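Per-entry structural report
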Amino acid sequence: MKDEILKIIKESVDSLALPGSPMGNETEFEVSVPKKKEFGDFSTNAALVIGSMKGKNPREVAQEIVEAIEQRQHGFIERLDIAGPGFINFFVNETLFESQLREILRLGEKYGASREGSGQRVIVEFVSANPTGYLHFGHARNAVVGDSVCRMLSFCGYEVIREFYINDAGRQMDMLGESVYSALARSCGLARELPEDGYHGEYISELAGEIKKSEECPQVPGDESEAIEFCREFAYSRLLEEIKTDLLDLRVNFDNWYSERIEIHGRGSEERKLDKTLAKLEDLGTVERKEQALWFKASLYGDGKDWVIIKKDGAPTYFLSDIAYHMDKYSRGFSKLINVWGADHHSHVLRLKSSMKALGLDESSLHVLLIQFVRLVREGVEVPMSKRTGDFVTLREVLREVGCDATRFFLLMRSSDSHLDFDLSLAKKESSENPVYYVQYANARISSLMRNSEEAGISASEEHLNLLSNDEERNIMKILLRFPEVVRSAAESLSPHKVVYYLQELAAEFHFYYNKTRILDSENTDMASARLCLARYVQVVIENGLGLLGINAPRSM
RNA sequence: GUCCCCGUAGCUCAGUUGGAUAGAGCGCAGGAUUCCUAAUCCUGAGGCCGCAGGUUCGAAUCCUGCCGGGGACGCCA
């Protein structure tokens, strides 16, 4: 919609052939939808931009542009105003709206989609929680934001691969094995302390209990290292399943479960990726031996400091695996790499990018979306995320308490780089205070209208759209037609919250309209069919928008 | 000390690739239903956009400094 206006302005500006330098690139001026009605349906700052470029009075430039546009006689432009310092305001008539509105039903669930990313493959890595425990609520924001970003990117035409990187190779896995083993040993009557950095949630002893009951339970006492390995593998596979279950309950899917152990450390027929990466870094002269360890010289590539990749005991660090992993991502041919990370990993961004740069890869195609922390609140009081027992508030508990829709909505409603207060008592409330229902209710009301319309013998029709001319109807149309652009902007900036805000605005406008205007007016069936059609448009957009957020759009509430 | 995020209404936050008179929800005070779902709607009060400079036609938005809150700075992952 805006694009149409932008095209018109460009044509006219070009036709003016203003003296001096040729017009620069196209992004220099913009078309916006003004907040105030007096400023028209669309507005452009073109004259201001050009004026300051050419050193001319913006209002005079505006006048020239307006004349050029008027000469071309676009049917749908009713009036052009020059306002303030030189804004050009467009007032358009219904014909433009109507033709655009028809696209909504024509495209249906595709309305708002684009081909922006067509031909581009993008990998989104998110959650990637260690399989050493249940997902806690802190992981939920990452999961939901990552998932919604994927949905938006797919909608914009990208081919999206969703990947979970399983950190199943490192010391924390051994620690898991030892923790479970120590619980098992204790339950078998051995005096055995939990290892110092061990995991001590309740689930550890539950796992040990399961092992004890199982037929394959190792002999205790017996070969300890064998038993520990058994415990580790048992716990790992069980916990990974639990993680998958919880994510599915949150409506989060993955295409790839990428095992660090197999893919990075694994010895297939080829050379290990880890060794290959190390060799490459060495060949490039980007490492140095210092204090008996091997360091990657990140400071040469934009980071503030160097980082160890091989510890003095000879073991690789997590960072080296990470370099290998990302090198692998690049080699799989993605044009864009998106990582969704917790804000506590921010220092890893520069070091990872510096390593990609050192390897000659284009680090600008790697985007890291940092997610700030969530604070759980109940009745205005903070709920500690970790309990005395060493357990965390799990995702599962919260899902059980407030349900998936509310959980997702609340986690998506704020910008990712803002700290988030998750109000459990509010999210649980089935009342008007809860914003989740606000949007869903608009949709349910429309469904109800549709049901009632059949009895009243009215059906939605685009035939009489021209009858819709009051302020509320026009406002709704304008909001509806903004949807594709909102999606594009939200996808581009990886910001699902923009869709949340948009839907709240649309729902508000619809509720207002609904209260003020009788839609199923049996006295005037032409009008009723047009209004019903408008309601149907709203429904399509709400359903599509909620779909991008992974939230259901119930037909009745 | 270095780096990242944040600071906007009583509370929680949008708005930040510079645009016109800064918005929403909650809370607070009032009000609306003989009729399509009141999980709704309307009205009102409520603001040195943390502070101070700078950049320009124009700054909540960009730059610098300072203050305040959170986080990261391990041969852990």
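Please read these numbers as outputs of a predicted model, since none were measured by experiment.

1. A short note on the sheet that holds strand β2 (residues 42–44)
Spatially, β1-β2-β4-β3 is the arrangement adopted by the four strands of the open sheet, whose pairing is antiparallel. In this open sheet, the two edge strands, each paired with only one partner strand, are β1 (31–32) and β3 (77–83). Relative to strand β4 (residues 87–92), β2 runs antiparallel, the two sharing three bridges. Looking across to β4, one finds that Ser43 is bridged to Asn89. Strands β3 and β4 of the sheet are contacted by helix α3 (residues 58–72), whose axis makes an angle of about 170 degrees with β3.

2. A word on the packing of helix α11 (residues 318–331) against helix α12 (residues 346–358)
Contact pair α11 / α12: the axes reach a minimum separation of 10 Å and the direction vectors enclose 55 degrees. Considering their axes alone, α11 and α12 lie oblique with respect to each other. As α11 packs across α12, the resulting crossing turns out to be right-handed. In this structure, α11 contributes Tyr318, Phe319, Asp322, Ile323, His326, Met327 and Tyr330 to the contact, and α12 contributes His348, Arg351, Leu352, Ser355 and Met356. Classifying every residue of the contact of α11 with α12 gives seven nonpolar, three polar and two charged.

3. Describing the pairing of strand β6 (residues 159–166)
Regular strands place side chains that alternate from one sheet face to the opposite one. Counting buried positions along β6 gives seven out of eight residues, so the element sits mostly inside the fold. Across five bridges, strand β5 (residues 121–125) lies against β6 in parallel orientation. Counterpart to Val122 in the pairing with β6 is Val160. Assessed by its sense of winding, the connection that carries the chain from β5 through helix α5 (residues 137–155) to β6 is right-handed. Relative to strand β7 (residues 256–259), β6 runs parallel, the two sharing four bridges. Across the sheet, Glu163 pairs through a bridge with Asn256, a residue of β7.

4. Section: the packing of aromatic side chains
Considering all chains together, one arrives at 17 aromatic pairs under this definition. Taken together, a centroid distance of 6.0 Å and an interplanar angle of 45 degrees make the contact between Tyr165 and Tyr258 tilted. Of this pair, Tyr165 sits in strand β6 while Tyr258 sits in strand β7, placing them 93 residues apart in sequence. Judged on exposure class, the residue Tyr165 and its partner Tyr258 are both buried. When the centroid spacing of 6.1 Å and the interplanar angle of 10 degrees are considered together, the rings of Phe296 and Tyr301 count as stacked. A residue is classified by how much of its surface remains accessible, and Phe296, at 0% relative accessible area, is buried. Here Tyr301 falls in the partly exposed class, since its relative accessible area comes to 22%. Three or more aromatic residues link up through ring pairs in this structure, and these residues are Phe126, Phe164, Phe254 and Trp257.

5. Comments concerning the state of the cysteines
A full pass over the atoms with the stated rule returns zero disulfides. Cys156 supplies the cysteine sulfur nearest to Cys150, a cysteine that is in no disulfide, at a spacing of 12 Å. Given the relative accessible area of 0%, Cys150 is considered buried. No disulfide involves Cys231; its sulfur sits 7.4 Å from the nearest other cysteine sulfur, which is in Cys217.

6. Points about the confidence of the model for chain A
Here chain A averages 90 in pLDDT, while 97% of its residues score no lower than 70. In this model, residues 19–27 is a region of pLDDT below 50 whose contacts with residues beyond four sequence positions or in other chains number eight contacts. Interface confidence for the predicted complex, given as ipTM, is 0.95, next to a pTM of 0.94.

7. Focus: the pairing of strand β9 (residues 293–296)
Of the two faces of β9, the one carrying Ala293 and Trp295 and the one carrying Leu294 and Phe296 are both buried. Summarising the sheet, strand β8 (residues 287–290) and β9 pair through four bridges and their orientation is antiparallel. Paired with Glu288 across the strands is Trp295, a residue of β9. Turn length for the β8-β9 hairpin, with the two strands adjacent in sequence and antiparallel, is two residues, and the turn residue Glu291 shows positive phi of about 50 degrees.

8. Examining the sheet that holds β5
Overall, parallel pairing links the five strands, which are arranged β7-β6-β5-β11-β12 in an open sheet. One side of each edge strand has no neighbouring strand; the edge strands of this open sheet are β7 and β12 (366–371). On average, each strand axis in the sheet is inclined to that of its neighbour by 25 degrees, with strand direction left out of account. The pairing of β5 with strand β11 (residues 336–342) spans four bridges and is classified as parallel. Pairing of Val124 across the sheet is with Ile338, part of β11.

9. Structural notes on the pattern of salt bridges
On inspection of all chains with the given rule, the structure shows 35 salt bridges. Its salt-bridge partner being Arg232, residue Asp174 comes within 3.1 Å of it at the nearest N-O pair. You can see Asp174 sitting in helix α6 (residues 171–187) and its partner Arg232 sitting in helix α8 (residues 224–249), a full 58 residues away along the chain. Since its relative accessible area comes to 33%, Asp174 is described here as partly exposed. Given the relative accessible area of 19%, Arg232 is considered buried. Salt-bridge contacts for Asp246 lead to Arg396; the nearest nitrogen and oxygen are separated by 2.8 Å. Within this pair, whereas Asp246 is found in helix α8, its partner Arg396 is found in helix α13 (residues 395–402), the two being separated by 150 residues in sequence. On the basis of relative accessibility, which here comes to 1%, the residue Asp246 falls in the buried class.

Cut-offs and rules
- Residues numbered from 1 in each chain as written.
- Chains lettered and ligands numbered in written order.
- Predicted model: local features only at pLDDT ≥ 70, side-chain atom pairs only at ≥ 80, totals over all residues.
- Heavy atoms only, no water.
- Pairing = 2+ DSSP bridges.
- Helix = DSSP H or I, 4+ residues; strand = E, 2+ residues; numbered from the N terminus.
- Contact = heavy atoms within 4.5 Å.
- Axes fitted to C-alpha atoms, helices over the stretch in contact; angles between N-to-C directions.
- Parallel < 35°, antiparallel > 145°, perpendicular 65-115°, else oblique.
- Left-handed = near helix turned anticlockwise from the far one by under 90°.
- Nonpolar A, V, L, I, M, F, W, Y, C, P; charged D, E, K, R; others polar.
- Buried < 20%, exposed > 50% of the residue type's maximum accessible area, 1.4 Å probe, protein only.
- Right-handed = clockwise from strand over helix to strand, strands pointing away.
- Phe/Tyr/Trp six-rings, centres within 6.5 Å; stacked < 30°, edge-to-face > 60°.
- Disulfide = S-S within 2.5 Å.
- pLDDT = per-residue confidence, 0-100.
- Salt bridge = Lys/Arg side-chain N within 4 Å of Asp/Glu carboxyl O.

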